[in-house]
Amino acid sequence: MSVKIRYFASMRDRMGKAEDTVVLEGGSMTVANLWKKISGQSLPSNTLIAVNMEYTDGSAVVKNGDEVAFFPPVTGG
Amino acid sequence: MKVDIQDVPFDPCAATRDYESALPKGKHGGIVTFVGTMRDFNDGHDVSSMFLDHYPGMTERHILGVMEEAARLSNIMDAYVVHRVGDIKPSEPIVLVAVWAAHRADAFDACRYIINYLKERAPFWKRETTPQGKRWVEHNTADPAVEAIGRPTRFA
């Protein structure tokens, strides 16, 4: 399956890129496992996750064609 | 209801007036606006400029979601939000929340609800330029109403 990954703010700096498309074996995977696969690390505790622009957590299941975003706490307004 | 995300400065009074010109005449009895502006200090540091990052699409969707919740919780006629992104200078407006209602209580409550939950949910990130260099802001200052009771008064 193919998944689009996006990074914002300090997470973009940390990963050294704004986005990536990864091709993975199998038809689904949890966000936590996806993160481990792409970073080789466990997810930093204050990281927020969105799948297809909706907030979720590491247990969410990602499928082919999904857009997954990782970013720090939001500071707008 | 409408959300505008823009990378150029705006005049909150003109934006409110322009949006209001398309609303039915004589129906609202009050307009409450909140304008957030950029400070030249934060967390004990001088701040000379700021860059605001956002997640196009998700940002608009979540602000509109908060506005729709406010409209379900209170009796308002309309609401309009403008939010800056990109490079911002001290004293420039960052955000405008304008709410039109027949009565002031609904307008005040909905305006506070929208700005508080926009700050909590909408994906924006501030990066400040200080004499020590550039740094991402880690957290926003909280509204005591959210800290104390979790929800603005009438929506508790």
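Colleague: What should I look at first to understand helix α2 (residues 58-73) of chain B in this one?
Modeller: Look at α2(B): 23 Å from first C-alpha to last across 16 residues, which is about the 22 Å you get at 1.5 Å a residue. The complete set of buried residues in α2(B) reads B:M58, B:T59, B:H62, B:I63, B:V66, B:M67 and B:A70.

Colleague: Even after reading the chapter, I still don't get the sheet that holds strand β6 (residues 76-84) of chain B, so can you show me in this structure?
Modeller: Either a parallel or an antiparallel arrangement is found when strands of a sheet pair, and the pairing is made through backbone hydrogen bonds. Residues and elements named next belong to chain B. Within the open sheet, the 4 strands sit side by side as β1-β6-β8-β2. Their pairing is mixed. In this open sheet, the two edge strands, each paired with only one partner strand, are β1 (2-6) and β2 (30-37). The average angle at which neighbouring strand axes cross in this sheet is 10°, direction not considered. Relative to strand β8 (residues 93-101), β6 runs antiparallel, the two being bridged by 7 bridges. When the sheet's bridge partners are listed, H83 is paired in β8 with V95. Along the sheet face, helix α3 (residues 104-121) touches β2, β6 and β8 and points at about 145° away from the line of β8.

Colleague: Any chance you could explain unusual backbone geometry here in plain terms?
Modeller: Residues and elements named next belong to chain A. The backbone phi angle of A9 is positive, close to 55°, even though this residue is not glycine. With respect to the helices and strands, the residue A9 is situated in the loop between β1 (2-7) and α1 (10-15). Under the relative-accessibility criterion, A9 is labelled buried at 1%.

Colleague: Before we go on, may I ask you to explain the pairing of strand β10 (residues 133-136) of chain B in this structure?
Modeller: Looking along a regular strand, one sees side chains alternate from face to face of the sheet. All names here are of chain B. By the bridge criterion, 4 bridges tie strand β9 (residues 124-130) to β10 in an arrangement that is antiparallel. Looking across to β10, one finds that E128 is bridged to R135. Hairpin remark: β9 followed by β10, antiparallel, with 2 residues in the connecting loop.

Colleague: Whenever I open this one, the packing of aromatic side chains confuses me. Can you help?
Modeller: Aromatic ring pairs are defined here through the distance separating the ring centres and the angle between the ring planes. What the rule picks out here adds up to 11 aromatic pairs over all chains. An aromatic cluster is built from A:F8, A:Y55, A:F71, B:Y55 and B:W125, whose rings are joined through pairwise contacts. Between the NZ or CZ atom of B:R39 and the centre of the ring of B:F41, over which it lies, the distance is 5.5 Å. Over the face of the ring belonging to B:W136 we find B:R127, whose NZ or CZ atom lies 5.5 Å from the ring centre.

Colleague: Explanation requested: the interface of chain B and chain A in the structure shown.
Modeller: By a widespread convention, an interface's size corresponds to the accessible area lost as its parts come together. Chain B puts 26 residues into the contact, and the matching count from chain A is 20 residues. Here chain B meets chain A over a buried area of about 1,900 Å², counting both sides, of which 56% is carbon and sulfur. Across the contact surface, chain B and chain A share 2 salt bridges. Of all the elements in the fold, those that place two or more residues in the side of chain B that touches chain A are β5 (49-54), α2, β8, α3 and β9 of chain B. Ranked by the residues each element gives to the side of chain B that touches chain A, the list is headed by α3(B), at 5 residues.

Colleague: What is the right way to look at the confidence of the model for chain B in this model?
Modeller: Note: predicted coordinates in regions of low pLDDT should not be interpreted at a detailed level. With 91% of its residues at a pLDDT of at least 70, chain B reaches an overall mean of 91. Note on residues 148-156 of chain B: pLDDT is under 50 here. Beyond four places in sequence and across chains, it has 19 contacts.

Colleague: Got a minute to help me understand the sheet that holds strand β7 (residues 67-71) of chain A in this structure?
Modeller: All names here are of chain A. The strand order β2-β1-β7-β4-β5 describes an open sheet built from 5 strands, whose pairing is mixed. The sheet terminates laterally at β2 (19-23) and β5 (54-56), the two strands that pair on one side only. Ignoring which end each strand starts from, the neighbouring axes of this sheet average 30° apart. Of the pairings in the sheet, the one linking β1 to β7 comprises 4 bridges and is parallel in character. Bridge pairing in β7 places Y7 opposite F70.

Colleague: I tried to follow the pattern of salt bridges on my own but got confused; where do I start?
Modeller: Pairing is possible between side chains that carry opposite charge, provided their charged atoms lie close to one another. This structure, assessed with the given rule, holds 9 salt bridges over all chains. The partner of A:E19 in a salt bridge is A:K4, with the nearest N and O atoms 3.6 Å apart. Within this pair, whereas A:E19 is found in strand β2, its partner A:K4 is found in strand β1, the two being separated by 15 residues in sequence. Given a relative accessible area of 41%, A:E19 falls into the partly exposed group. You can call A:K4 partly exposed: its relative accessible area is 28%. Put simply, B:R135 and B:E128 hold a salt bridge, and the shortest N to O gap is 2.9 Å. With relative accessibility at 4%, the residue B:E128 sits in the buried group.

Reading the values: the criteria
Residues numbered from 1 in each chain as written. Chains lettered and ligands numbered in written order. Predicted model: local features only at pLDDT ≥ 70, side-chain atom pairs only at ≥ 80, totals over all residues. Heavy atoms only, no water. Helix = DSSP H or I, 4+ residues; strand = E, 2+ residues; numbered from the N terminus. Expected span 1.5 Å × (residues − 1). Buried < 20%, exposed > 50% of the residue type's maximum accessible area, 1.4 Å probe, protein only. Pairing = 2+ DSSP bridges. Axes fitted to C-alpha atoms, helices over the stretch in contact; angles between N-to-C directions. Contact = heavy atoms within 4.5 Å. Phe/Tyr/Trp six-rings, centres within 6.5 Å; stacked < 30°, edge-to-face > 60°. Lys NZ or Arg CZ within 6 Å of the ring centre and 35° of its normal. Buried area = accessible area lost by both parts, 1.4 Å probe. Salt bridge = Lys/Arg side-chain N within 4 Å of Asp/Glu carboxyl O. pLDDT = per-residue confidence, 0-100.

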